[in-house]
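Secondary and tertiary structure notes
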Amino acid sequence: MCTGANYTTRDHYFGRNLDLEFSYNETVTVTPRNFAFEFRKEGTLQTHHAIIGMATIADGYPLYYDATNEKGLSMAGLNFPENADYKPEAEGKTNITPFEFIPWVLGQFETVAEVKVALATLNLVKINFSETFPLSPLHWIISDRETSITVESVREGLKVYDNPVGVLTNNPTFDIQLFNLNNFMHLSKNPPTPQFSDELEFDVYSRGMGAIGLPGDLSSASRFVKAAFTKLNSVSGDSESESISQFFQILGSVAQQRGCVEVSPGKFEITIYSSCCNTDKGIYYYTTYENSQVTAVDMHNEDLDSAALADYPLIKEQQIHTANNRATAESR
Ligand SMILES: C[C@H](CCC(=O)NCCS(=O)(=O)O)[C@H]1CC[C@H]2[C@@H]3[C@H](O)C[C@@H]4C[C@H](O)CC[C@]4(C)[C@H]3C[C@H](O)[C@]12C
């Protein structure tokens, strides 16, 4: 399970939780403008927008999970098992494989509106990256500062949904996730006013009772509602520190703790990393399951005109700042 979201204060932010029981050795990867993307069916994109995000590098190719380009457009792939359906090559269409989808979008476009036009002729073609990395069943959230869409390649074809919530989780299909919010329209950040019956007296005995009924389990449908409620009611200052802290809090509201979701005997899904990219500044922040200190990689500290990938292994161990040491304690 995974959750992706965006958030706007003074700057715009985009990120996700990656929830899984193992890792593919992902690194924060910067693809500069002159790294040639050789598409399997659509020739080579020799120069393009620079991209920063989380990727597994395989045979020198950045297999992105979530990323942002230098124009502020962002995209993330999330699991979509049983529903994702990729197609044979189709004449007259733009045939892009799912593992090329993020580079193809972020390499060329600046806004969701531009992407929507290009999606009209897109065919997500069923070609594996390699034997080691066959295709994954995914769907995607694509966001700029103003708008988000969800893209799903299903049995009936390619579906593009407006995503007014700016959140994506996993199954079921996005239209059902959105419809399901109707069941929670009564939830509120404010204390409830009794409507149950005039014949009884009610006591608002605790803070937070306006949102009783907000799902707290880790299923995909529940995380969608929880993340939507948390994000859409979010209040924060607009400094970088306040914004990214609030963004990590939104993701934290749907994070997975080891032990709560067993996927096979003794194997538990956890939030391997949470990311938050400042899409205006091209700074990719992340935390990992065991490292709650925020680590940053700034794309503009790289040579963006180069042709070589730059990648930064995740710092996964807890970084503990000890506030006192023997010298300061003894000097007191
Ligand atoms: C499994 C990941 C999504 C996390 C998630 O939603 N897990 C939940 C499981 S479930 O719904 O509850 O079943 C996805 C997100 C991005 C994916 C990776 C990226 O697409 C990049 C490459 C693409 C290759 O084709 C396969 C390996 C891979 C390295 C992918 C492995 C895996 O499918 C990833 C890591």
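Notes on the structure in this doc start here. Because the structure is a prediction, the values reported are computed rather than measured.

Some remarks on the sheet that holds strand E1 (residues 2-8)
Judged by pairing direction, the sheet is antiparallel, and its six strands sit side by side in the order E14-E1-E2-E17-E18-E19 without closing on themselves. With one partner strand each, in any of the chains shown, strand E14 (167-168) and strand E19 (295-298) form the two edges of the open sheet. Where strand E2 (residues 12-20) meets strand E17 (residues 270-278), six bridges bridge the pair, whose relative direction is antiparallel. By the bridge assignment, Asn17 is partnered in E17 with Ser274. Relative to the sheet, helix H5 (residues 240-252) contacts E1, E2, E17 and strand E18 (283-288), its axis offset from that of E17 by approximately 150°.

So, the packing of aromatic side chains
The full count for this structure, using the stated rule, is 14 aromatic pairs. Where Tyr61 meets Phe129, the ring centres are 5.6 Å apart and the plane angle is 40°; that geometry is what we call tilted. Taken together, the positions of Tyr61 in strand E7 (residues 61-69) and Phe129 in the loop between strand E10 (122-124) and strand E11 (138-143) put the pair 68 residues apart, joining distant regions of the chain. Site record: aromatic cluster; members linked through ring pairs are Phe22, Tyr24, Phe35, Phe37, Phe39, Tyr61, Phe99, Phe129 and Phe133.

So, the pairing of E11
With six of six residues buried, E11 is to be regarded as a mostly interior element. Burial along E11 is two-sided: the residues Leu138, Trp140 and Ile142 and His139, Ile141 and Ser143 are all buried. In this sheet, E11 lies alongside strand E8 (residues 74-79) in antiparallel orientation, the contact comprising six bridges. Along E11, the bridge assignment pairs Ala76 with Ile141. Pairing geometry for E11 and strand E12 (residues 148-154), over four bridges, is antiparallel. Considered in E12, the bridge of Ile142 is made with Ile149. Linkage of E11 to E12, two consecutive antiparallel strands, is achieved through a turn of four residues.

Some points on the pairing of E19
Burial along E19 is one-sided: Thr295 and Val297 are buried, and none of Ala296 and Asp298, which face the opposite way, are. The sheet contact formed by E18 and E19 spans four bridges and is antiparallel. The partner of Tyr286 across the bridge, within E19, is Thr295. Hairpin remark: E18 followed by E19, antiparallel, with six residues in the connecting loop.

Remarks on the environment of Gln318
Considering the arrangement of structural elements, one finds Gln318 in the loop between strand E20 (310-313) and helix H6 (326-330). The exposure class of Gln318 is partly exposed, given its relative accessible area of 39%. Each C-alpha atom of the pair Gln318 and Thr288 lies 8.7 Å from the other, and the pair is 30 residues apart in sequence. Residues contacting Gln318, with those up to four places away along its chain left out, are Glu290, Asn291, Ser292 and Gln293. In terms of polar contacts, Gln318 uses its side chain to reach the backbone carbonyl oxygen of Glu290, at 2.7 Å. Reaching out from Gln318, the side chain makes a polar contact with the backbone nitrogen of Ser292 at a distance of 2.8 Å.

Concerning the sheet that holds strand E13 (residues 157-162)
Spatial strand order, E13-E12-E11-E8-E7-E6-E3-E20: eight strands in an open sheet with antiparallel pairing. Strand pairing shows two members of the sheet lacking a second neighbour, E13 and E20, which therefore form its edges. Taken over all neighbouring pairs, the strand axes of this sheet differ in orientation by 30° on average, direction set aside.

Quick look at H5
Taking 1.5 Å per residue as the helical rise, H5 with its 13 residues ought to reach 18 Å, and the 18 Å between its terminal C-alpha atoms agrees with that figure. For H5, every residue scored as buried is listed here: Ser243, Ile244, Gln246, Phe247, Phe248, Ile250 and Leu251. Where H5 is buried, its residues meet E1, E2, helix H4 (220-232), E17 and E18.

Section: the environment of Glu100
One can find Glu100 in helix H1 (residues 98-108). Expressed as a C-alpha distance, the spacing of Glu100 and Arg40, which sit 60 residues apart in the sequence, is 8.6 Å. Once residues lying within four places of it in the same chain are set aside, the contact partners of Glu100 are Glu38, Phe39, Arg40 and Tyr61.

Concerning the nonpolar core
Side chains of nonpolar character tend, in soluble globular proteins, to be buried together. Judged by nonpolar contacts, the single largest core of 44 residues is most densely connected at Val28, Ile52 and Tyr284. Of all hydrophobic cores here, the second largest spans 35 residues; its members include Ile96, Ile102, Trp104 and Leu135.

Looking at a nonpolar patch on the surface
A contiguous nonpolar patch, built from Phe196, Leu200 and Phe202 and spanning about 360 Å² of accessible area, is present on the exposed surface. With a relative accessible area of 41%, Phe202 lands in the partly exposed category.

Focus: the side chain of Asn6
If you trace the backbone, Asn6 turns up in strand E1. Residue Asn6 is classed as buried on the basis of its relative accessible area, which comes to 7%. Polar side-chain contacts of Asn6 include one of 3.3 Å to the side chain of Ser148. Discounting residues that sit within four places of it in the chain, Asn6 has contacts with His12, Tyr13, Phe14, Ser143, Asp144, Ser148, Gly166, Lys231 and Phe247.

Rules used throughout
Residues numbered from 1 in each chain as written. Predicted model: local features only at pLDDT ≥ 70, side-chain atom pairs only at ≥ 80, totals over all residues. Heavy atoms only, no water. Pairing = 2+ DSSP bridges. Helix = DSSP H or I, 4+ residues; strand = E, 2+ residues; numbered from the N terminus. Contact = heavy atoms within 4.5 Å. Axes fitted to C-alpha atoms, helices over the stretch in contact; angles between N-to-C directions. Phe/Tyr/Trp six-rings, centres within 6.5 Å; stacked < 30°, edge-to-face > 60°. Buried < 20%, exposed > 50% of the residue type's maximum accessible area, 1.4 Å probe, protein only. Polar contact = N/O pair within 3.5 Å; in protein donor to acceptor, adjacent residues only side chain to side chain. Expected span 1.5 Å × (residues − 1). Core = buried A, V, L, I, M, F, W, Y, C linked by side-chain atoms within 4.5 Å. Patch = residues over 30% accessible without salt bridge, like charges linked within 9 Å, V, L, I, M, F, W, Y side chains within 5 Å. Areas by Shrake-Rupley, 256 points an atom, 1.4 Å probe, with all protein chains shown as cover. Salt bridge = Lys/Arg side-chain N within 4 Å of Asp/Glu carboxyl O.

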